[in-house]
Amino acid sequence: MNNYFIYFQVDADTKSKIDKYTKEMNITTSKLMRKFINNGFNNINSLDRIQTLDYKFDKLEIRLKRLERLIKQFYSDMGIDNHTNPNNNECLQKFYNSLREDKYID
């Protein structure tokens, strides 16, 4: 492993936090900085993953809203009333039967 020296400046508050942490964890400043840098890179990868998931959840939300509208339209088209028994609705039963017949078809 090659060692490279990188120098950077920090303000007094940051320096005191670094000193406190290195003392509490009983590690050198170099080890702490390597840990921070590695954690930073890992956080970048995590952030990319979170952004990807956020995009997918947005798409899922849109699809769920469409599905909700389709369900409402379905109930409207099937003539289902909130106060009726769905088991007594002939159109709905025909629909259920067709689903049962096509259960293996994607």
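By convention here, each chain's residues receive numbers from 1 onward along its written sequence. With pLDDT at 70 or above as the cut-off, local features in this predicted model cover only qualifying residues; side-chain atom pairs require 80 or more to be listed or tallied, and sums for whole chains, interfaces and linings still use all residues. Water and hydrogen atoms play no part in the side-chain values, which are based on all heavy atoms of the structure.

Asks: Please explain the overall build of the chain as it appears in this structure.
Replies: Scanning the chain for helices and strands turns up three helices and zero strands. Burial classification: accessible surface area is computed with a 1.4 Å probe over protein chains only, and a residue below 20% of its type maximum counts as buried, one above 50% as exposed, and the rest as partly exposed. Relative to its full complement of 106 residues, the chain shows a buried share of 8%. Each accessible area is a Shrake-Rupley result for a 1.4 Å probe, and residues are judged covered by the shown protein chains and nothing else. Carbon together with sulfur atoms contributes 54% to the accessible area of the chain, which is approximately 10,300 Å² in total. A run of H or I in DSSP counts as a helix once it spans at least four residues, and a run of E counts as a strand once it spans at least two, with each numbered from the N terminus.

Asks: What is the right way to look at the pattern of salt bridges in this model?
Replies: Pairing between side chains of opposite charge can happen when the charged atoms of each approach one another. A pairing counts as a salt bridge when a side-chain nitrogen of Lys or Arg comes within 4 Å of a carboxyl oxygen of Asp or Glu. Per the stated rule, a full pass over the model turns up three salt bridges. When the shortest N-O distance is used, the salt bridge between D13 and K17 registers 3.5 Å. Of this pair, D13 and K17 both sit in helix α1 (residues 12-25), four residues apart, roughly one helical turn. Among the residues examined, K17 registers a relative accessible area of 55% and is labelled exposed. Close ionic contact of K65 with E61 constitutes a salt bridge, the shortest N to O distance being 3.7 Å. Pair noted here: K65 and E61 are both in helix α2 (residues 29-77), with a separation of four residues, about one helical turn.

Asks: Explain the packing of α1 against α2 to me, please; I cannot follow it from the model alone.
Replies: When two helices pack together, their arrangement is given by the angle between the helix axes and by the axis-to-axis distance. Packing of α1 against α2 brings their axes to within 10 Å, and their N-to-C directions diverge by 105 degrees. By the angle between their directions, the pair α1 and α2 is classed as roughly perpendicular. Along its contact with α1, which presents I18, Y21 and T22, the element α2 presents T29, L32, M33 and K35. Throughout, the ten residues Ala, Val, Leu, Ile, Met, Phe, Trp, Tyr, Cys and Pro are labelled nonpolar, Asp, Glu, Lys and Arg are labelled charged, and all others, Gly among them, are labelled polar. Of the residues contributing to the contact of α1 with α2, the split by class is four nonpolar, two polar and one charged. Inter-axis angles, ranging from 0 to 180 degrees, are taken between N-to-C directions of lines fitted to C-alpha atoms, where helices are fitted over the stretch in contact. If an angle is under 35 degrees, it is roughly parallel; if it is over 145, roughly antiparallel; if it lies from 65 to 115, roughly perpendicular; otherwise it is oblique. In what follows, residue pairs with any heavy atoms lying within 4.5 Å of each other are defined as contacts.

Asks: Could you clarify how one ought to interpret the packing of aromatic side chains in this entry?
Replies: The geometry of an aromatic ring pair is captured by the separation of the ring centres together with the interplanar angle, meaning the angle of the planes. Centres within 6.5 Å are what make two rings of Phe, Tyr or Trp a pair, Trp counting through its six-membered ring; a difference in plane orientation under 30 degrees is then read as stacked, over 60 as edge-to-face, and the rest as tilted. Enumeration according to the criterion identifies one aromatic pair in this entry. A ring pair is formed by Y21 and F36, whose centres lie 6.2 Å apart and whose planes are at 40 degrees; its orientation type is tilted. Separated by 15 residues along the polypeptide, Y21 in helix α1 and F36 in helix α2 bring together distant segments of the chain. Residue F36 is classed as partly exposed on the basis of its relative accessible area, which comes to 40%.

Asks: What exactly am I supposed to notice about α1 here?
Replies: Each α-helix turn comprises 3.6 residues. Residues three or four places apart therefore point the same way. Between its first and last C-alpha atoms α1 spans 20 Å; for 14 residues at 1.5 Å apiece the expected length is 20 Å, and the two agree. N26, located one to two residues past α1, shows a positive phi value of around 55 degrees. Take the number of residues in a helix, subtract one, and multiply by 1.5 Å to get its expected span.

Asks: When you look at a positive patch on the surface in this model, what are you seeing that I'm missing?
Replies: Patch membership is restricted to residues that have no salt bridge and whose relative accessible area is over 30%. Joining uses 9 Å for like charges and 5 Å for the nonpolar side chains Val, Leu, Ile, Met, Phe, Trp and Tyr. Counted charges follow a simple rule, with Lys and Arg positive, Asp and Glu negative, and His plus the chain ends left uncounted. A charged residue contributes its charge at one atom only: NZ of Lys, CZ of Arg, CG of Asp or CD of Glu. Together, R49, K56, K59, R63, R66 and R69 give the surface a local cluster of positive charge. Residue placement: K59 occurs in helix α2.

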